[in-house]
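Residues per chain, in single letters:
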Amino acid sequence: MSARFQELDWRSTSMGELVLRRRWDPVVDKDVFEIKLNDEFLMSSLFTVAEVELGRLALAELPAGPWDVVVGGLGLGFTARSVLTSSDVRRLVVVDALGEVIEWHEQGLLPVGAELAGDPRCGLVHGDFFAMVRSGAGFDPAAEPGKLWHAIVVDIDHSPRHHLHPGHADLYKPAGLRRLAGRLHPGGVFALWSNDPPDEEFTAALTETFASVRAEIVRFDNPLQQREATATVYLATTASVR
């Protein structure tokens, strides 16, 4: 058993105070890694089922590979690792606005950091995912301008209505969704994690741009509250070329 509580790193960022900590949780009998931004918990390794399912469900919508994939939001890395479990993934680019989180993975401070940093298919990019979509800038510095992707998978905000920053809001509107869809191949997939139940207004906005849209409810155990918890994964696919 490790120490009951350790603060592994603390950083002052443009978004506020960022803290990485590890604590021993006697309920689940293991170490739990947590990232906090100011007084708000961003993520915990205690709850990773929905993050893993986000990556799995996105790839399950695609035709045969090879695939090039973007993940918006690195976090603890479980969505990115879920994507990399597929041998059909040729290239994965993970974009995160917090360079400090990328450093934690590269330094091996997080459970899957060494795995991500050591996979030659995976690139960790420090940047503003929302600004990249808005401006048309490439997600991958090593790729040619205008590169299209087979899947864009996003886990950054709490939900389409609850954003970490006001500047994220435009992505969830029809114009922002059209810009994002323009970065996908025909038959490409946009997948989005949300901590809220399915949102009819957001689903309708997706339907304006994408050929097929659905919301999957992911269920998982919450051992701290001794109840079932849920998250939502939105899956939206562009029209295929006939």
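Residues numbered from 1 in each chain as written. Predicted model: local features only at pLDDT ≥ 70, side-chain atom pairs only at ≥ 80, totals over all residues. Heavy atoms only, no water.

Draft legend 1. Fine view of the overall build of the chain. The helix and strand inventory of the chain stands at seven helices and 11 strands. Relative to the compact-globule value of 18 Å for 242 residues, the chain shows a C-alpha radius of gyration of 17 Å, a close match. By principal-axis analysis of the C-alpha atoms, the chain measures approximately 60 × 40 × 35 Å. Residue burial in the chain is summarised as follows: out of 242 residues, 50% are buried. Across the chain, the fraction of contacts at a sequence separation of at least 24, relative to all contacts at a separation of at least 6, is 63%. Each charge class in the chain can be summarised by its mean position, and for the 23 positive and 34 negative side chains these summaries are 3 Å apart. (Helix = DSSP H or I, 4+ residues; strand = E, 2+ residues; numbered from the N terminus. Rg over C-alpha atoms; globule rule 2.2 N^0.38 Å. Buried < 20%, exposed > 50% of the residue type's maximum accessible area, 1.4 Å probe, protein only. Contact = heavy atoms within 4.5 Å. Lys, Arg positive; Asp, Glu negative; His and termini not counted. Charge placed at Lys NZ, Arg CZ, Asp CG, Glu CD.)

Draft legend 2. Here's a closer look at the nonpolar core. Core analysis: the biggest nonpolar cluster contains 43 residues, and Val 69, Leu 92, Val 94 and Val 153 have the highest contact counts within it. The element best represented in this core is helix H1 (residues 49-60), accounting for five residues. Formed by 26 residues, the second largest nonpolar core is a distinct cluster that contains Val 95, Val 125, Phe 139 and Tyr 234. (Core = buried A, V, L, I, M, F, W, Y, C linked by side-chain atoms within 4.5 Å.)

Draft legend 3. Quick peek at the packing of aromatic side chains. Per the stated rule, a full pass over the model turns up seven aromatic pairs. Aromatic side chains Phe 139 and Trp 149 sit 6.4 Å apart centroid to centroid with 70° between the ring planes, which places their arrangement in the edge-to-face category. Residue Phe 139 is found in the loop between helix H5 (129-135) and strand S8 (149-154), and its partner Trp 149 is found in strand S8; the two are separated by 10 residues along the sequence. Between Tyr 172 and Phe 202 the ring centres are 5.9 Å apart and the planes differ by 65°, which places this aromatic pair in the edge-to-face class. In this pair, Tyr 172 is assigned in the loop between S8 and helix H6 (174-181) and Phe 202 in helix H7 (residues 200-209), connecting sequence segments 30 residues apart. The pair Tyr 172 / Phe 202 is uniform in exposure class, with both members buried. Above the plane of the ring of Trp 149 lies Lys 147, whose end atom (NZ or CZ) is 4.9 Å from the centre. We note Arg 183 situated over the ring of Phe 139; from NZ or CZ to the ring centre the distance is 4.5 Å. (Phe/Tyr/Trp six-rings, centres within 6.5 Å; stacked < 30°, edge-to-face > 60°. Lys NZ or Arg CZ within 6 Å of the ring centre and 35° of its normal.)

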